[in-house]
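Each chain is listed here by its residues.
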Number of protein chains: 2
Amino acid sequence: MSVGIRHDDLRRRNRAMVIAAVRRAGRPSRTEIAATTGLSHSTISAISADLIGEGILAEGKPSEAGSLKRGRPQVGLGLNPEAAAVMTVVLSLNFLSVAVIDYAGQVISEEQRRLDTLTMSREALIGECVAIVRRRLEDPDIDVRSVARIALAIQGITDTDARAMLWSPITPQTDIAFADILEAEFGIPATMENDCNMMAVALRWRDPERYRDDFIAILLSHGIGMGLVLKGELFTGTHSSGGEFGHMIHRPGGALCRCGRRGCVEAYAGNYAIWRNAKQLGEDTEPVADVSDAQMRALAATARERAGPEREAYRKAGEALGYGLGSLFALIDPAPVAMVGVSAAAFDLIEPALREAIAQTAGGQHSKSISFDTEPNELPLIREGCAMRALTFVDQEIFAPGVQAKAGAGKNVA
Amino acid sequence: MSVGIRHDDLRRRNRAMVIAAVRRAGRPSRTEIAATTGLSHSTISAISADLIGEGILAEGKPSEAGSLKRGRPQVGLGLNPEAAAVMTVVLSLNFLSVAVIDYAGQVISEEQRRLDTLTMSREALIGECVAIVRRRLEDPDIDVRSVARIALAIQGITDTDARAMLWSPITPQTDIAFADILEAEFGIPATMENDCNMMAVALRWRDPERYRDDFIAILLSHGIGMGLVLKGELFTGTHSSGGEFGHMIHRPGGALCRCGRRGCVEAYAGNYAIWRNAKQLGEDTEPVADVSDAQMRALAATARERAGPEREAYRKAGEALGYGLGSLFALIDPAPVAMVGVSAAAFDLIEPALREAIAQTAGGQHSKSISFDTEPNELPLIREGCAMRALTFVDQEIFAPGVQAKAGAGKNVA
DNA sequence: CTCCATTTTTTCGAGCCTCAAAAAAATTCT
DNA sequence: AGAATTTTTTTGAGGCTCGAAAAAATGGAG
């Protein structure tokens, strides 16, 4: 059972709340913070005095060009960019991207690099990651000691503790404890996150109006991934990063999936599956290793131009996604969906069949009210999510430390 | 964003924690409570003195026949049965069951009644419920004023606020706000819960070792229902009671389901579906209204005896359940499963195909490690879950009241 | 230019709450 | 009967938040 609340926890939690309020609002005044947190002015005053004294917050002009109102002007409270820094490492197919971000969220150093992830050895892959991180840490603009956290993201399955990649489509290697490796190498706390989960975190940060308590981010790429936020919390499985939406069974015994099983949603909606159907290769054909974005765009163009196997391939993708979403909606009730990735740019080809399929399912009662957003470029989203993830960690675990600082990723606050 | 923690919340939460610890442990000593809650002895002493003064707890002998150890003997703290009472109302197919339960969890009055729910008018159905509740409240053994909460459970879909039944297979009526009706009639706070969710609550209460943080309760009855506990919390959809496992799509365009759609899991695994397949009526045949338990048991007996359509019907049920569970496990990772209801008694016929199907899915990697329990009788479970639900409400909202007493069901603490 | 109205922020005292340590209570063992 | 042991209560200290009042900082009116 959950443990009692100690007296000291109170201050810790309220500190964290104030920091979170500032991060969200930008440059709120003390009065605004009091309003959003529900705490009294005196408490906010005391806590913010502490935080300023510790160099975590800094005073400045308020966000609104005030001076219109009478009375003592508000003093804006902002995050002190120099309070700390975090690092994001995004590993995707043939690509490695690293950035250092200050406490206020600005990128202060970055590097990107092409790799051949599918053929690299385990050691080479790890080596590249360690090397690129080291180069960034040696950047003269960066104070190494200020880097408080590293967040990695990778396509594939990670464990719930956010320590290791268990399996990924971008490499034949399995079970690499990237978080432990980087921690050991640089002595900086690190976590290993699932890319789709980071997309969800970023969407929530970008548009809290639309993506608040319940929503779904679906990555339409070579494979199909999902990030799910339920009741305001990032949903992960109990053991792994979970949400293996792409491997829900669409048709028992159906098309061959990259995972070796049959009939998964991905085996109809992943890039390789659309490609396979468009080229009429048959559902038992071994999935190709990669289809370039340009090839996919060409496929979509053809499908738009004329009826034929290309158009049919997208229809099948839509159907699979629709039934999958429908089954998901049977479990969690419908929620806004963001489609991310190359094939999101071909969503016009996918949507009709998708909606029709959803309408055949339990979730389909409100089929018309379900709304879709599209975002063709996943990488920036993933990086942004990683940054927020790492910064939130610093906010909570370093600047509002409690007795029970957990080893793992802490709470799944999206 | 969540609101700051007030100073008064502290006491409230710790009071609730102490009550919960006593409810769980039976008759713990103050020292034991201190150990399980993590609070200091002095705090426990202060809080329990308050609670005894208010008549919520009462001193007595400790649960263990102690006197073996040296030193001052422990004083057991138990719930005072007279502190309050709650009422459970379980509405199932052709059956209505009501009980009054004291604060310590003992049944002190009950009544059961056969109805013809499928043909009753809306008014008659509501009237029966109101009448049976009134009769129990007029029982001379019951002090009406002590009844602090009514929990209803029904098969079907309820809303997230636990106010209304939205749809149920046991009646053609829809959208009956039972909770509001009973509240208005008797002035006692009421909630309307989903039966499978109550099963899950009860399982957790009965066997916290096995059913702790993550598990699944599946009702194998005329229809297929599910109660899901994830990370220690009852999982409900965002709008409805959610978990419409029975209406996940097993085969797109497949067998006709009672819900009017095609290919749902229930259309292969519900009693009517097993019946339909056993009688070789064809998948488009309109589902029958009811199959008696005796008929189902006869079917199972035949299936055990010889190969034939009966055995094949159970195989198909297993397959559908297996693929459904597999898809679920793709999302949430595998967890222990309890099979409840008549067909749980025929689980031997279902299990082989079920396991084979799971092995074909993403969740199937750990197929062998997934364990199933069976419990053929759902009604006692549902009643027990309702009772715990209502008692927990009294513990939290009445005996540890806070500023923000929410209107709805409060937190989903299973 | 001065003074008042207005709004934000800080200060101060009160009231709770939890905690650690010590004291008191209630037994068993010798 | 006294020592040892364990549970429970008491006591005092330290923290935290809150409301009210004071202080600060500005715009507007005369």
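Since this is a predicted model, take the numbers as computed values, not measurements. (Residues numbered from 1 in each chain as written. Chains lettered and ligands numbered in written order. Predicted model: local features only at pLDDT ≥ 70, side-chain atom pairs only at ≥ 80, totals over all residues. Heavy atoms only, no water.)

Student: Hey, could you run me through the pairing of strand β6 (residues 147-154) of chain B in this one?
Tutor: Residues in a regular strand point their side chains to alternate faces of the sheet. All names here are of chain B. Counting buried residues in β6 gives eight out of eight residues, a clear majority hidden from the surface. Strand direction decides the pairing type here: strand β3 (residues 85-92) and β6, joined by seven bridges, are parallel. Among the inter-strand pairings, V90 is bridged to a residue of β6, identified as A153. One ladder, built from five bridges, connects β6 with strand β9 (residues 190-194); its direction is parallel. When the bridges of β9 are listed, A151 appears paired with T191. (Buried < 20%, exposed > 50% of the residue type's maximum accessible area, 1.4 Å probe, protein only. Helix = DSSP H or I, 4+ residues; strand = E, 2+ residues; numbered from the N terminus. Pairing = 2+ DSSP bridges.)

Student: Can you walk me through the protein's contact with DNA strand C in this structure?
Tutor: Surveying the vicinity of DNA strand C reveals 26 residues, the closest of which are R6(A), T31(A), S45(A), N14(B) and R70(B). Near the protein, within 4 Å, the atoms of DNA strand C are sugar or phosphate in 71% of cases. A distance of 2.8 Å separates a phosphate oxygen of DNA strand C from a polar side-chain atom of T43(B). In this structure, a base oxygen belonging to DNA strand C sits 3.4 Å away from a main-chain N or O atom of G71(B). The set of elements that each furnish at least two residues to the surface near DNA strand C consists of α2 (30-37) and α3 (41-53) of chain A together with α1 (7-25) and α3 (41-53) of chain B. Across the surface near DNA strand C, the residue classes break down as three nonpolar, 14 polar and nine charged. (Near = heavy atom within 4 Å. Polar contact = N/O pair within 3.5 Å; in protein donor to acceptor, adjacent residues only side chain to side chain. Nonpolar A, V, L, I, M, F, W, Y, C, P; charged D, E, K, R; others polar.)

Student: So what exactly am I meant to see when it comes to the protein's contact with DNA strand D here?
Tutor: The full set close to DNA strand D counts 27 residues, and T43(A), T31(B), G71(B), R72(B) and V75(B) are the nearest of them. Within 4 Å of the protein, the contacting atoms of DNA strand D are drawn from sugar and phosphate to the extent of 70%. Residue R72(B) places a main-chain N or O atom 2.7 Å away from a base oxygen belonging to DNA strand D. The separation between a phosphate oxygen of DNA strand D and a polar side-chain atom of Q74(B) is 3.1 Å. When contributions to the surface near DNA strand D are tallied by element, the ones reaching two or more residues are α1 (7-25) and α3 of chain A together with α2 (30-37) and α3 of chain B. Tallied by class, residues from the surface near DNA strand D come to four nonpolar, 14 polar and nine charged.

Student: Would you mind going over the nonpolar core with me for this structure?
Tutor: It is characteristic of soluble globular proteins that their nonpolar side chains tend to be buried jointly. Among the nonpolar cores identified, the biggest contains 108 residues, and L325(A) and L325(B) are the most heavily contacted of them. Once you skip the residues sitting within four places of it in the chain, L325(A) turns out to touch I216(A), I218(A), F245(A), V337(A), M339(A), L354(A), I358(A) and F372(A). (Core = buried A, V, L, I, M, F, W, Y, C linked by side-chain atoms within 4.5 Å. Contact = heavy atoms within 4.5 Å.)

Student: What is the right way to look at the interface of chain A and chain B in this model?
Tutor: Reports of interface size often rely on the accessible area that becomes lost once the parts have come together. Residue-level contacts link 53 residues of chain A with 52 residues of chain B. Summed over both partners, the interface of chain A with chain B buries about 4,400 Å², with 60% contributed by carbon and sulfur atoms. In this assembly, chain A and chain B are joined by zero salt bridges. Our count for the contact surface shared by chain A and chain B stands at six residue pairs in polar contact (both at pLDDT 80 or more). For the side of chain A that touches chain B, the secondary structure elements donating two or more residues are α1, α2, β12 (224-230) and α10 (309-332) of chain A. When residues of the side of chain A that touches chain B are assigned to their parent elements, the largest contribution, eight residues, is made by α1(A). (Buried area = accessible area lost by both parts, 1.4 Å probe. Salt bridge = Lys/Arg side-chain N within 4 Å of Asp/Glu carboxyl O.)

In short, geometric facts, not functional conclusions.
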